[in-house]
Amino acid sequence: MAVPLVRVGFADVTGLPGPSPNTWHIVSRLVADALPHRTDLLVPHDVTRDADGQITGCRALAIGAALRPDEEH
């Protein structure tokens, strides 16, 4: 059985403000992954879901991989 192979690409991130002191931006994981150099991006973590499996919230925010735990924002 053949499995289709497709190429997926994403456009550049637009409309996101630049870094600003003492400011975090909550973004999707896709946005954070597209901008690994940004140390001011947070993503929803430990999401909660309703009975239909739809995300209804989160219990935490995660710091993107670009920021090491020993660094300050």
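In what follows, the accompanying structure is described. (Residues numbered from 1 in each chain as written. Predicted model: local features only at pLDDT ≥ 70, side-chain atom pairs only at ≥ 80, totals over all residues. Heavy atoms only, no water.)

Among the nonpolar cores identified, the biggest contains 6 residues, and these are Val 27, Ala 32, Leu 35, Leu 41, Val 43 and Ala 62. With sequence-adjacent residues up to four places away left out, Val 27 is seen in contact with Leu 16, Ala 32, Leu 41, Leu 42, Val 43 and Pro 44. (Core = buried A, V, L, I, M, F, W, Y, C linked by side-chain atoms within 4.5 Å. Buried < 20%, exposed > 50% of the residue type's maximum accessible area, 1.4 Å probe, protein only. Contact = heavy atoms within 4.5 Å.)

Turning to the side chain of Arg 38, a few remarks are in order. Relative to the elements of secondary structure, Arg 38 occurs in the loop between helix H1 (29-34) and strand S2 (41-49). Taking relative accessible area as the criterion, Arg 38 reaches 11% and is therefore assigned buried. (Helix = DSSP H or I, 4+ residues; strand = E, 2+ residues; numbered from the N terminus.)

Here the focus is the pairing of S2. Successive residues of a regular strand alternate their side chains across the two faces of the sheet. Bridge count for strand S1 (residues 25-26) against S2 is 2 bridges, and the pairing is parallel. By the bridge assignment, Ile 26 is partnered in S2 with Leu 42. Relative to strand S3 (residues 55-63), S2 runs antiparallel, the two being bridged by 7 bridges. Bridge pairing links Val 47 to Cys 58 in S3. If you look at the hairpin formed by S2 and S3, you'll find 5 residues sitting between the two strands, and Gly 53 has a positive phi there, around 85 degrees. (Pairing = 2+ DSSP bridges.)

In this structure, His 25 sits in strand S1. A relative accessible area of 14% places His 25 in the buried class. When near neighbours in sequence (up to four residues on either side) are disregarded, His 25 contacts Leu 16, Pro 17, Gly 18, Arg 38, Asp 40, Leu 41 and Leu 42.

Note that every value here comes from positions in space, so none of it alone points to a role or purpose.
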